[in-house]
Amino acid sequence: MKHSATLFADDAGRYAYVKAGFSWPALLLGSFWAVAKRRWWLLLLMLAMDACLWFGSHLASELRIGPMMLLMAGAELSYLLARGWYGNRWLEASLRSRGYKPVVPGTGAAG
């Protein structure tokens, strides 16, 4: 299985790697992953989604409404999987919006 990653750089000389494909850290760590990557807007969105899901699940449990509990479990599972599937794409989009560009191998000055 081939793992690929793209190296991004900005004009200030900072670099960041973004792996292609599924993001296990985003799936398992969620908001902590966003903090580790220093993506603050993404962190706020993830915390808002976490709060909505927590509130919905808590409400469904308190009211003991079976279909609502099942719906909330499905929503939480979908959100977990979405974080894994889209985590690296969200990271790449965030880097691009901050001026990072992919580094193309072989285009640098020869030493």
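Predicted model only: the values in this text are computed from it and were never measured.

## Description of the layout of surface pockets
At step 1: In this model, the second largest pocket occupies a volume close to 220 Å³.
At step 2: Lining the second largest pocket, in full, are R14, Y15, A16, Y17, A36, K37, R38, R39, L91, L95, R98 and Y100.
At step 3: Among the elements of the structure, β2 (15-19) and α4 (66-97) are those that each provide at least two residues to the lining of the second largest pocket.
At step 4: Partitioning the lining of the second largest pocket into residue classes produces seven nonpolar, no polar and five charged.

## Details of the side chain of D10
At step 1: Mapped onto the elements of the fold, D10 is located in the loop between β1 (5-9) and β2.
At step 2: Of the polar contacts made by the side chain of D10, one reaches the backbone nitrogen of G13; its length is 3.1 Å.
At step 3: Of note is the side chain of D10, whose polar atom sits 2.6 Å from the side chain of R14.

Rules used throughout
Residues numbered from 1 in each chain as written. Predicted model: local features only at pLDDT ≥ 70, side-chain atom pairs only at ≥ 80, totals over all residues. Heavy atoms only, no water. 1 Å grid on protein atoms, 1.4 Å probe; cavity = no way out; pocket = protein on both sides within 12 Å on 5 of 7 lines; lining within 4 Å. Points joined across faces, edges and corners; volume = space filled by probe spheres on them. Helix = DSSP H or I, 4+ residues; strand = E, 2+ residues; numbered from the N terminus. Nonpolar A, V, L, I, M, F, W, Y, C, P; charged D, E, K, R; others polar. Polar contact = N/O pair within 3.5 Å; in protein donor to acceptor, adjacent residues only side chain to side chain.

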